Amino acid sequence: MKYKSVFDIIGPIMIGPSSSHTAGAARIGRVARNLYGKLPKKVRISLYGSFAKTYRGHGTDIAIIGGLLDFDTFDERIRESLKLATDQGMEFDFIEEDAITNHPNTVKITIEDDDQTFELVGVSIGGGKIEIIELNGFELKLSGNYPAILVVHNDRFGAIAGVTNVLTKYSLNIGHMEVSRKEVGQLALMTIEVDQVIEDKVLEELMSLPHIVQVTKMVD
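Keep in mind that what you see is a predicted model, and the values were worked out from it rather than measured.

K.L.:
Please clarify how the nonpolar core should be interpreted in this entry.
P.N.:
Side chains that are nonpolar tend, in soluble globular proteins, to be buried together. In terms of nonpolar packing, the biggest core is built from 39 residues, with Leu68, Ile109 and Leu120 touching the most fellow members. The greatest single-element share of this core, amounting to seven residues, is contributed by helix H2 (residues 19–36). Ranked by size, the runner-up nonpolar core spans 15 residues in total, among them Val163, Met190, Ile192 and Leu206.

Below, the structure written as structure tokens:
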């Protein structure tokens, strides 16, 4: 594993005993909140592997809910997140799953609101670092460390080129990009991490392109 700085080795500033089980869990929850775009009303949190076995003792439960409340890893309110979420009308259930996953610290967050379902799968890979590996059935690899654009589009010729041309126009440097699709010719998902701040006008221009269904911004 490569580290960018000494802080990657020491770990993040955080509330809780474990960078993997607490800080990483909070970051996964916060990415889910960021991508969902608002306070969830009803959440199902499925825990796998080590997460399922130790989530109460290591504070994984309060961390994920704290992230869903948009609290950072060092926010003192994480300790009271379960009560704060309940006070704000959020319903949540924790489910200990038996299925074996590729990584022991895996969580699936399912949000059911207003006749729509949002589903995200994330893993905590150590030192507070995370990877989002699935979003609404699409496979992806999203670190959460950089500003990102997620583009749902029809799987058509020219769709990817159109998006990259817009990013070039606004001098946005792509650090990581991948495309996932469930079936040929159906919906696909572009995941693009960039090095610069993403302005709203970029999203508006992307949304105006042919074959684009939805554009979502995730900030670092």
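K.L.:
Any chance you could explain helix H7 (residues 200–207) here in plain terms?
P.N.:
Since the α-helix turns once every 3.6 residues, residues separated by three or four places project in the same direction. What H7 keeps buried is the set Val202, Leu203 and Leu206. Angularly, the buried residues of H7 cover 95° about the axis, an arc narrow enough to put them on a single face.

K.L.:
What am I meant to see in the environment of Ile132 here?
P.N.:
With respect to the helices and strands, Ile132 occurs in strand E5 (residues 129–135). When the C-alpha positions of Ile132 and Gly122 are compared, they lie 4.2 Å apart, and in sequence the two are ten residues distant. Leaving out residues up to four positions away in the same chain, Ile132 has contacts with Ile28, Val31, Leu120, Val121, Gly122, Leu140, Lys141 and Leu142.

K.L.:
When you look at the sheet that holds strand E6 (residues 138–142) in this model, what are you seeing that I'm missing?
P.N.:
In a beta sheet, neighbouring strands pair by backbone hydrogen bonds and run either parallel or antiparallel. A sheet is described by the order of its strands in space; here six strands give the open sequence E2-E1-E3-E4-E5-E6, paired in mixed fashion. Across the chains shown, the open sheet's two edge strands, defined by having one partner strand only, are strand E2 (91–96) and E6. Between one strand axis and the next, the sheet turns by 20° as a mean value, whatever way the strands run. Relative to strand E3 (residues 105–113), strand E1 (residues 42–49) runs antiparallel, the two sharing seven bridges. Looking at E3, one finds that Arg44 is bridged to Thr110. Docked against the sheet, helix H4 (residues 60–68) engages E1, E2 and E3, running at close to 140° with respect to E1.

K.L.:
Help me understand helix H6 (residues 159–169) in this model?
P.N.:
Here H6 has its buried residues at Ala159, Gly162, Val163, Val166 and Leu167. End-on, the buried residues of H6 take up no more than an arc of 135°, which puts them together on one face. In H6, the exposed positions that point more than 90 degrees away from the buried face belong to Asn165, Thr168 and Lys169. Looking at the buried side of H6, the elements it contacts are strand E7 (148–154), strand E8 (174–181), strand E9 (187–194), H7 and strand E10 (212–218). With its phi angle positive at about 55°, Ser171 sits one or two positions after the end of H6.

The rules behind the values
Residues numbered from 1 in each chain as written. Predicted model: local features only at pLDDT ≥ 70, side-chain atom pairs only at ≥ 80, totals over all residues. Heavy atoms only, no water. Core = buried A, V, L, I, M, F, W, Y, C linked by side-chain atoms within 4.5 Å. Buried < 20%, exposed > 50% of the residue type's maximum accessible area, 1.4 Å probe, protein only. Helix = DSSP H or I, 4+ residues; strand = E, 2+ residues; numbered from the N terminus. Arc of directions from axis to C-beta. Contact = heavy atoms within 4.5 Å. Pairing = 2+ DSSP bridges. Axes fitted to C-alpha atoms, helices over the stretch in contact; angles between N-to-C directions.

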